[in-house]
Amino acid sequence: MVIVAHPLTLTPSKLLFSDKGFAEQLAWEEAEMQLVVVARATGATRTVRAPKGFVFHVIDAFEDERGITLDALAYDDASIVRRLAAGSLARGVVDVAPRALRYRIPRAGEVASVEALSEAGFEFPVVDRRAGGERRYTWGARVVFDGERSTSTVVALDRKSPAPIEHAEDGWVFGEPVFARRPGSTEEGDGALLAVGSHVRDDRALLRVLDARTLRVVAGVEVDVPLPLGFHGGFTPARG
């Protein structure tokens with residue numbers, strides 16, 4: 001198990017005598033990030049250093065003969081926390097597009113190496129959880145908050161392709177996509193990507209069904225109900 005420890009600190013005693021919100025109490029330090037590796041069988045831990053950064057979401061992790069690989073979406077610092085506050089969103093453009101990075105944690109040593117997974121920035125990562133080892137596909141969404149001009153792009157990364165595949169629709173902002181495997185399939189990425197979108201001006205919402213590997217539009221349904229942009233969803237196949 002790998003725990004991402006940011007150089008983001010909190011002094012609990014300050015909460016007792018402050019009228020500020022919890023997030024406003026967080027203090028960023030110009031220090032390295034730490035990756036705490038926990039052996040699940042024994043509980044033994046070791047700490048590995050990595051370049052400073054801030055992570056909301058981890059994409060995936062796997063272990064092989066070289067050590068542990070952790071894929072994550074990293075910001076340069078924690079300023080994104082305050083930029084996503086309601087006041088900041090009302091005042092200007094906020095681009096939610098961290099870098100997809102691969103942290104390689106060696107079996108011995110105290111420093112993790114880092115390399116870029118993709119030049120395309122995005123958030124809300126999704127993988128096909130039933131595929132083991134290093135997975136080929138990753139999906140997510142890049143969101144730019146700018147009032148009625150807000151936009152988003154659904155992104156698909158294929159480890160065997162040099163460039164990401166993208167899907168966007170004018171006027172719609174999509175949150176985290178959800179992967180639904182094709183019934184009976186054992187191939188990674190064989191299925192649909194479900195993306196719920198909110199219209200930036202009208203009281204409408206959309207469920208778009210995309211081919212997970214190509215992001216080709218398969219189907220969609222629109223309702224005259226305003227759904228606020230959500231972060232996380234799930235899919236459960238119908239049974240019997």
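What comes next is a walk through the structure.

What counts and how
- Residues numbered from 1 in each chain as written.
- Predicted model: local features only at pLDDT ≥ 70, side-chain atom pairs only at ≥ 80, totals over all residues.
- Heavy atoms only, no water.
- Helix = DSSP H or I, 4+ residues; strand = E, 2+ residues; numbered from the N terminus.
- Buried < 20%, exposed > 50% of the residue type's maximum accessible area, 1.4 Å probe, protein only.
- Areas by Shrake-Rupley, 256 points an atom, 1.4 Å probe, with all protein chains shown as cover.
- Lys, Arg positive; Asp, Glu negative; His and termini not counted.
- Charge placed at Lys NZ, Arg CZ, Asp CG, Glu CD.
- Contact = heavy atoms within 4.5 Å.
- Pairing = 2+ DSSP bridges.
- Axes fitted to C-alpha atoms, helices over the stretch in contact; angles between N-to-C directions.
- Phe/Tyr/Trp six-rings, centres within 6.5 Å; stacked < 30°, edge-to-face > 60°.

## Things to note about the overall build of the chain
A count of helical and extended segments in the chain gives three helices and 19 strands. Judged by the C-alpha coordinates and their principal axes, the chain covers about 50 × 50 × 40 Å. Taken over 240 residues, the chain has a buried fraction of 42%. Approximately 13400 Å² of the chain is accessible, and the part contributed by carbon and sulfur atoms is 53%. Within the chain, one finds 30 positive and 34 negative side-chain charges whose respective centroids are separated by 3 Å.

## Points about the side chain of threonine 69
Relative to the assigned elements, threonine 69 resides in strand β7 (residues 67-75). With a relative accessible area of 3%, threonine 69 lands in the buried category. Beyond its immediate stretch of four places on either side in the chain, threonine 69 contacts Asp60, Ala61, Phe62, Arg102, Tyr103 and Arg104.

## Structural notes on the environment of valine 143
Checked against the element boundaries, valine 143 lands in strand β12 (residues 137-145). Assessed through its relative accessible area of 0%, valine 143 is described here as buried. Sequence separation of valine 143 and aspartate 170 is 27 residues, and the distance between their C-alpha atoms is 13 Å.

## A closer look at the pairing of strand β13 (residues 151-158)
Taking burial as the measure, the eight residues of β13 include seven buried ones, the bulk of the element. Hairpin connection between β12 and β13: a loop of five residues separates the two successive antiparallel strands, and glycine 147 in this loop has a positive phi of roughly 60°. As judged from the three bridges shared by β13 and strand β14 (residues 165-167), these two strands associate in the antiparallel manner. When the sheet's bridge partners are listed, alanine 156 is paired in β14 with isoleucine 165.

## Some words on the sheet that holds strand β10 (residues 113-118)
Across the sheet, which stays open at both edges, the four strands sit in the order β6-β7-β9-β10 with antiparallel pairing between neighbours. In this open sheet, the two strands that pair with only one neighbour each are β6 (54-64) and β10. Within the sheet, the average angular offset between the axes of one strand and its neighbour, ignoring direction, is 25°. Relative to β7, β6 runs antiparallel, the two being bridged by eight bridges. When the sheet's bridge partners are listed, aspartate 60 is paired in β7 with aspartate 71.

## Digging into the packing of aromatic side chains
One pass over the structure, following the stated rule, counts four aromatic pairs. Between the aromatic rings of phenylalanine 54 and phenylalanine 56, the centroid separation amounts to 4.9 Å while the plane-to-plane angle is 80°, which identifies the pairing as edge-to-face. For phenylalanine 54, a relative accessible area of 6% corresponds to the buried category. By relative accessible area, which is 36% here, phenylalanine 56 ends up partly exposed. Between tyrosine 137 and tryptophan 139 the ring centres are 6.0 Å apart and the planes differ by 5°, which places this aromatic pair in the stacked class.

## What to know about the pairing of strand β17 (residues 191-199)
Two faces, one strand: in a regular strand the side chains alternate between the faces of the sheet. Of all nine residues making up β17, eight are buried, and the element is well covered by its neighbours. Here three bridges tie strand β15 (residues 172-174) to β17, and the two strands are oriented antiparallel to one another. Each bridged residue has a counterpart across the sheet, and for phenylalanine 174 the counterpart in β17 is glycine 197. Where strand β16 (residues 178-181) lies against β17, four bridges are found, and the strand directions are antiparallel. Its bridge partner lying in β17, valine 178 is registered against leucine 194. Alignment of β17 against strand β18 (residues 205-211), held across seven bridges, turns out to be antiparallel. Note that in β18 the partner of alanine 195 across the bridge is arginine 208.

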